[in-house]
Amino acid sequence: MASRVGIIREFLGFLKVRKKLWLTPVVVVLVVLGALILFTSSSVAPFIYTLF
């Protein structure tokens, strides 16, 4: 878990230093889509579809 936090912190630092903050929404959308794909192939899928 600590390595994930380190990777996220390092990535955010990169975006800040390199002035690439426009990449943040792109990365967030990709993570959300990946999570949705992951959850639709599991037993959590019925709960996702009832929310929308």
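What you see is a predicted model, and the numbers here were worked out from it, not measured in a lab. (Residues numbered from 1 in each chain as written. Predicted model: local features only at pLDDT ≥ 70, side-chain atom pairs only at ≥ 80, totals over all residues. Heavy atoms only, no water.)

> Which residues make up the overall build of the protein chain, and what values do they have?
Counting its regular elements, the protein chain contains 3 helices and 0 strands. For the protein chain, with 52 residues in total, the buried portion stands at 6%. Roughly 4800 Å² of accessible area belongs to the protein chain as shown, and the carbon and sulfur atoms make up 76% of that amount. (Helix = DSSP H or I, 4+ residues; strand = E, 2+ residues; numbered from the N terminus. Buried < 20%, exposed > 50% of the residue type's maximum accessible area, 1.4 Å probe, protein only. Areas by Shrake-Rupley, 256 points an atom, 1.4 Å probe, with all protein chains shown as cover.)

> Which residues make up the confidence of the model for the protein chain, and what are the values?
Low-pLDDT stretches of the model should not have their predicted coordinates read in fine detail. Summarising the model, the protein chain shows a mean pLDDT of 77, and 73% of its residues fall at 70 or more. No element of the protein chain has a lower mean pLDDT than helix α3 (residues 45-51), at 61, and none a higher one than helix α2 (residues 23-40), at 83. (pLDDT = per-residue confidence, 0-100.)

> Give me the lowdown on a nonpolar patch on the surface, citing residues and values where you can.
The grouping of I8, F11, L12, F14, V27 and V31 at the surface amounts to a nonpolar patch, some 520 Å² of accessible area in total. Mapped by element, the contributors of at least two residues to the nonpolar patch are α1 (2-17) and α2. Of the residues forming the nonpolar patch, the biggest block, 4 residues, is contributed by α1. Structurally, the position occupied by V31 is in helix α2. (Patch = residues over 30% accessible without salt bridge, like charges linked within 9 Å, V, L, I, M, F, W, Y side chains within 5 Å. Salt bridge = Lys/Arg side-chain N within 4 Å of Asp/Glu carboxyl O.)

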